[in-house]
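Report on the structure
Spelled out, the chains give:
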Amino acid sequence: MGLDREDPLAEFRSRFELPDDVIYLDGNSLGPLPKGVAERLDQMLRHQWGESLIRGWNQHGWIDLPERVGNKIAQLTGAVPGTVTCVDTTSLNLVKVLSAALELRPGRRVILSDPGNFPTDLYMAQGLIRVLSQNHEIRLAEPDELESAIFDDTAVVMLTQVDYRSGRVYDMARITDRAHEVGALTIWDLAHSAGALPVDLQGANVDFAIGCSYKYLNGGPGAPAWVYVRPGLNETGWPLLSGWMGHESPFEFDPVYRPANGIGHMRVGTPPVLALAALDAALDVWNGVDMSLLRTKSSALGDLFIEEVERQCLGYGLRLASPRNAAERGSQVSFHCDRGYAVMQALIADGVIGDFRSPDILRFGFNALYITYANIVEAARRLKCVLDEEKWNRPEYLQRAKVT
Ligand SMILES: *Cc1c(COP(=O)(O)O)cnc(C)c1O
């Protein structure tokens, strides 16, 4: 297509190992394998682990990997160096920063979120409230009422910037300002933002942020998550999970915990060096990527997909579940669809990989580094084919697997 010939990001597709027979619209759930990762892991295993053995912690700087990798993520998210570390999972990082925020606002009891927030964020908050036993309350407001629900009893506004189902985007800077006006703190889950759209943590004055590395950052299944704390905030705080790796000097083996200064106190235990090495190599994909070009292209891909699906699949009851206006949408498009699970299974069997989100959502993610405009037109055509020919109507597609 002409659009592909003029695409300024076209060269980046060659940075990924993508199967030829697949149109991959699920990089928002698990990013594909970047070139260079396999070589890096092989080198890591055979030479670093295999030959250096325990000397690798110092010789190869394994011990500093969480912050070294964190600095690459900082670059992608507008954070200053030394404010991001790559540790644990997003769920665990959420509970760490939430407890820090609540401790910084001792007189306030409300954690404000929205009912469509990613369940693990809400679950972790519920679990923390139980153990704290200080009468904290999770108050949920619908996205369009959220700003007016921020009051001076709000300790922290805890939101996912890009809704995992619909792709709706919050204005992070505006909501953060509003929270600060009444003395509340903010926690932003950027699982569907980092690597998907321009993010400016420092510019937006965000207090805490967390995110996954296996989605748009392509770090591989179960890649370690990341966590950001605004410089100067909570540097002397005592973290909820006061593990030895977050101690000021772990190898003094002092029986008394003293938090490390800065982002290091978000560490808990020994870093997963193999997984961090894979993520470190994967993040090199971003060298030379202009995030505003990425945003422009992913918006255009989303617009084209909506247009094509609505035109080609007319009459099958598909209903757009994402904002039509690309400026209000992340890098994904979702449709409500009856028998959505089976439809998605049939589409995957036909080589277009998206995913299904309960109760009835077909979700398609667009990573503009490797998706072409021609892919979009073809994906919509195959979806039409699945619907026209009722390809979804097979017992094996109706039976839900463990992971959807
Ligand atoms: C994917 C996702 C998570 C996942 O958390 P893990 O602890 O890594 O399993 C958390 N939050 C959001 C918004 C997500 O989309």
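Residues numbered from 1 in each chain as written. Predicted model: local features only at pLDDT ≥ 70, side-chain atom pairs only at ≥ 80, totals over all residues. Heavy atoms only, no water.

Think of an α-helix as 3.6 residues a turn; residues three or four steps apart then line up on the same face. Across the ten residues of helix H10 (residues 340-349), seven count as buried, placing the element largely inside the fold. All of the buried residues in H10 are Gly340, Tyr341, Ala342, Val343, Met344, Ala346 and Leu347. Check the buried side of H10 and you find it contacts strand S13 (352-353), strand S14 (355-357), strand S15 (361-365), helix H11 (373-388) and helix H12 (395-398). Gly351, located one to two residues past H10, shows a positive phi value of around 90°. (Buried < 20%, exposed > 50% of the residue type's maximum accessible area, 1.4 Å probe, protein only. Helix = DSSP H or I, 4+ residues; strand = E, 2+ residues; numbered from the N terminus. Contact = heavy atoms within 4.5 Å.)

Around the ligand, the structure places 13 residues, and the nearest of them are Ser91, Asp189, His192, Tyr214 and Lys215. In the environment of the ligand, a nitrogen atom lies 2.7 Å from a nitrogen or oxygen atom belonging to the side chain of Asp189. Between the ligand and the protein, one listed contact pairs an oxygen atom with a side-chain N or O atom of Lys215 at 2.6 Å. In the complex, the protein chains occlude 86% of the 390 Å² of accessible area that the ligand would expose alone. Within the residue set of the shell around the ligand, elements represented by two or more residues are helix H5 (90-104) and helix H6 (119-132). (Near = heavy atom within 4 Å. Polar contact = N/O pair within 3.5 Å; in protein donor to acceptor, adjacent residues only side chain to side chain. Areas by Shrake-Rupley, 256 points an atom, 1.4 Å probe, with all protein chains shown as cover.)

Looking now at the side chain of Thr83. Checked against the element boundaries, Thr83 lands in the loop between helix H4 (65-76) and strand S4 (84-86). Within the local environment of Thr83, its side chain forms a polar contact with the backbone oxygen of Val80, the two atoms lying 2.6 Å apart. Each residue touching Thr83, except ones within four places of it in the same chain, is listed here: Val227, Tyr228, Val229, Pro231 and Ile263.

Next up on the list: the packing of aromatic side chains. Tallied over the full model, the rule gives twelve aromatic pairs. Both rings, one in Phe305 and one in Phe364, keep their centres 4.7 Å apart while their planes meet at 55°; by these two values the pair is tilted. Here Phe305 is found in helix H9 (residues 291-312), whereas its partner Phe364 is found in strand S15, with 59 residues between them in sequence. The class of Phe305 is buried, set by a relative accessible area of 0%. One aromatic cluster is present, formed by Phe305, Phe335, Phe364 and Phe366 through successive ring pairs. Geometry around Phe118 places Lys215 over its ring, the cationic atom sitting 5.4 Å from the centre. (Phe/Tyr/Trp six-rings, centres within 6.5 Å; stacked < 30°, edge-to-face > 60°. Lys NZ or Arg CZ within 6 Å of the ring centre and 35° of its normal.)

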